[in-house]
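# Coordinate inspection notes
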Amino acid sequence: MALRRGASSAIRALASHRYSASSSSLTSRLFSASAESKKIVGVFYKANEYASANPNFLGCAENALGIREWLESKGHQYIVTDDKEGPDCELEKHIPDLHVLISTPFHPAYVTAERIKKAKNLQLLLTAGIGSDHIDLNAAAAAGLTVAEVTGSNTVSVAEDELMRILILVRNFLPGYHQVVNGEWNVAQIAHRAYDLEGKTVGTVGAGRIGRLLLQRLKPFNCNLLYHDRLKMEPEIENQIGAQFEEDLDKMLPKCDIIVINTPLTEKTKGLFDKAKISKLKKGVLIVNNARGAIMDTQAVVDACSTGHIAGYSGDVWYPQPAPKDHPWRYMPNQAMTPHISGTTIDAQLRYAAGVKDMLDRYFKGEDFPAQHYIVKEGELAPQYR
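Definitions and cut-offs
Residues numbered from 1 in each chain as written. Predicted model: local features only at pLDDT ≥ 70, side-chain atom pairs only at ≥ 80, totals over all residues. Heavy atoms only, no water. Salt bridge = Lys/Arg side-chain N within 4 Å of Asp/Glu carboxyl O. Buried < 20%, exposed > 50% of the residue type's maximum accessible area, 1.4 Å probe, protein only. Helix = DSSP H or I, 4+ residues; strand = E, 2+ residues; numbered from the N terminus. Pairing = 2+ DSSP bridges. Phe/Tyr/Trp six-rings, centres within 6.5 Å; stacked < 30°, edge-to-face > 60°. Lys NZ or Arg CZ within 6 Å of the ring centre and 35° of its normal. Contact = heavy atoms within 4.5 Å. Axes fitted to C-alpha atoms, helices over the stretch in contact; angles between N-to-C directions. Polar contact = N/O pair within 3.5 Å; in protein donor to acceptor, adjacent residues only side chain to side chain. Parallel < 35°, antiparallel > 145°, perpendicular 65-115°, else oblique. Left-handed = near helix turned anticlockwise from the far one by under 90°. Nonpolar A, V, L, I, M, F, W, Y, C, P; charged D, E, K, R; others polar.

### Re the pattern of salt bridges
- Evaluated as defined, the whole model comprises 19 salt bridges.
- The shortest N-O distance in the salt bridge between Lys 232 and Glu 238 comes to 3.1 Å.
- Look at Lys 232 and you get partly exposed, because its relative accessible area is 48%.
- Accessibility expressed as a relative area gives 11% for Glu 238, which makes it buried.
- The residue Lys 280 makes a salt bridge to Asp 250 at a minimum N-O spacing of 3.5 Å. One end of the pair, Lys 280, is in the loop between helix H12 (275-279) and strand S10 (285-289); the other, Asp 250, is in helix H11 (residues 249-252), and 30 residues separate them in sequence.
- The exposure class of Asp 250 is partly exposed, given its relative accessible area of 31%.
- Each member of the salt-bridge network shares a partner with another, and the members are Glu 92, Arg 115 and Lys 118.

And the structure:
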């Protein structure tokens, strides 16, 4: 109960918080203050019987970020669906006349150039969470659309999940759990490939908000910490964390016992870990990927797990999402995969629901969003997607 009361207080505080960004008019196909009723479409996963299990479970289709009553009280139309794929899906019916599309990384509505072309009234694409690669960002920029997400809303959630996955892989936890479920007892099966985390070299590919939080949380484990990023940390922060900058990714990777992927999916990072890249990794490497599935070459990961070159692979991101039943990562050895859950804890849902509400409120008033939330603004992509 205390957790629920605390979470409810958090969303009230976030929803009422006013950021310091100054107001200004937005250009191109962008918006301005208007009393006109808007058609807003939200695409979220269905929770079915779980929708009523927690009053703060806002990220599902049934609870729709908790903003329906507020939107409708302002005269706006709010359509919510989980049906997002194919020419006859529910989303497709609303593409021609919607003004705002809200989606999440956990059940993404893929916004292609074709959909953008059909969406004559579309002005705003919002991601409830972090990561807008389900949108064709270049097409959105060319069309003068605004793309924004709730930056920082689930960084703690994802970093904590990454730390958990590292420990699960290092300690060879899952086979032991399966033994218990299956009524077995074979210590040797677990112990022959279980290690301590202390003393291992952990490298993060990307050290933005999530990567930095992960490094901070790894410091007490006395690991050797490395990071590769387009930007080097300030020396004071780097010293506090105890991490070493590696400018050359190909030189960092062979040093790592554990690799964590924390880079956004861009044209540069799509398929980055292909057969050639994986061959450069230390034999027996462990990989955690909560960033995006498409950063990895799907079959190359399967092959490396099958030979033992990758001794363990864990993550919650796939391509496409939801992952089809025949996705090979479901069946490859030495995996500890889950559905896309790391960034959608109840605490994170409260934060990104409040962030979406705040941006919609600003949109109706013709105000700017907090600067860090923009992914596309006035035809320009955010630096991490260039």
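### Quick notes on the pairing of strand S9 (residues 258-261)
- Because side chains alternate across S9, one face comprises the buried residues Ile 258 and Val 260, and the other comprises Ile 259 and Ile 261, equally buried.
- Of the strand pairs in this sheet, strand S6 (residues 201-205) and S9 are connected by 4 bridges, and their pairing is parallel. Across the sheet, Gly 203 pairs through a bridge with Ile 259, a residue of S9.
- Here S9 pairs with S10 via 4 bridges, running parallel. If you follow Val 260 over to S10, its bridge partner there is Val 288.

### Let's talk about the packing of aromatic side chains
- Evaluation of the coordinates by the stated rule reveals 9 aromatic pairs.
- For the pair Phe 106 and Tyr 352, a centre-to-centre distance of 6.0 Å together with 25° between the ring planes defines the contact as stacked. Taken together, the positions of Phe 106 in the loop between strand S3 (100-103) and helix H4 (113-118) and Tyr 352 in helix H14 (residues 346-365) put the pair 246 residues apart, joining distant regions of the chain.
- A residue is classified by how much of its surface remains accessible, and Phe 106, at 9% relative accessible area, is buried.
- Taken together, a centroid distance of 5.4 Å and an interplanar angle of 20° make the contact between Phe 369 and Tyr 374 stacked.
- What makes Tyr 374 buried here is its relative accessible area of 9%.
- One aromatic cluster in this structure is built from Trp 70, Tyr 363 and Phe 364.
- We note Arg 330 situated over the ring of Trp 318; from NZ or CZ to the ring centre the distance is 5.7 Å.

### Some words on unusual backbone geometry
- The residue after Tyr 319, namely Pro 320, is reached through a cis peptide bond having omega -5°.
- Mapped onto the fold, Pro 320 is located in the loop between strand S11 (310-315) and strand S12 (335-337).
- Backbone geometry places Glu 378, a non-glycine residue, at a positive phi of 50°.
- Following the sequence through the fold, Glu 378 ends up in the loop between strand S13 (374-377) and strand S14 (380-381).

### Quick notes on the sheet that holds strand S4 (residues 124-127)
- Strand order in this open sheet of 7 strands is S2-S1-S3-S4-S5-S13-S14, and the pairing throughout is mixed. Unpaired on one side and paired on the other, strand S2 (77-81) and S14 mark the two borders of the sheet.
- Where S13 meets S14, 2 bridges bridge the pair, whose relative direction is antiparallel. Bridge pairing in S14 places Lys 377 opposite Glu 380.
- Of the strands in this sheet, strand S1 (39-43), S3, S4 and strand S5 (146-149) are in contact with H14, which crosses S4 at around 165°.

### Quick look at the environment of His 134
- Mapped onto the secondary structure, His 134 falls in the loop between S4 and helix H5 (137-142).
- Distance in space between the C-alpha atoms of His 134 and Val 285 is 29 Å, their sequence separation being 151 residues.
- Not counting the four nearest positions on each side in its chain, His 134 is found in contact with Ser 103, Pro 108, Ala 109, Tyr 110, Val 111 and Thr 127.

### A look at the side chain of Asp 229
- Summarising the element assignment, Asp 229 is placed in the loop between strand S7 (224-228) and helix H10 (235-241).
- Here the side chain of Asp 229 touches Ala 207 through a polar contact of 2.7 Å, landing on its backbone nitrogen.
- Here Leu 231 takes part through its backbone nitrogen, which lies 3.0 Å from a polar atom of the side chain of Asp 229.
- In this structure, Asp 229 is in contact with Gly 206, Ala 207, Gly 208 and Phe 245, ignoring residues within four places of it in sequence.

### Thoughts on the packing of helix H6 (residues 155-170) against helix H9 (residues 209-218)
- The geometry of H6 relative to H9 is characterised by a closest axis approach of 9 Å and an angle of 50° between their N-to-C directions. Judged by the angle between their axes, H6 and H9 are oblique. Note that H6 runs across H9; the crossing there is right-handed. Of the residues in H9, those in contact with Thr 155, Val 156, Val 158, Ala 159, Glu 160, Glu 162, Leu 163 and Ile 166 of H6 are Arg 209, Ile 210, Leu 213, Leu 214, Arg 217 and Leu 218.
- Within the contact of H6 with H9, the residues separate by chemical class into 9 nonpolar, 1 polar and 4 charged.

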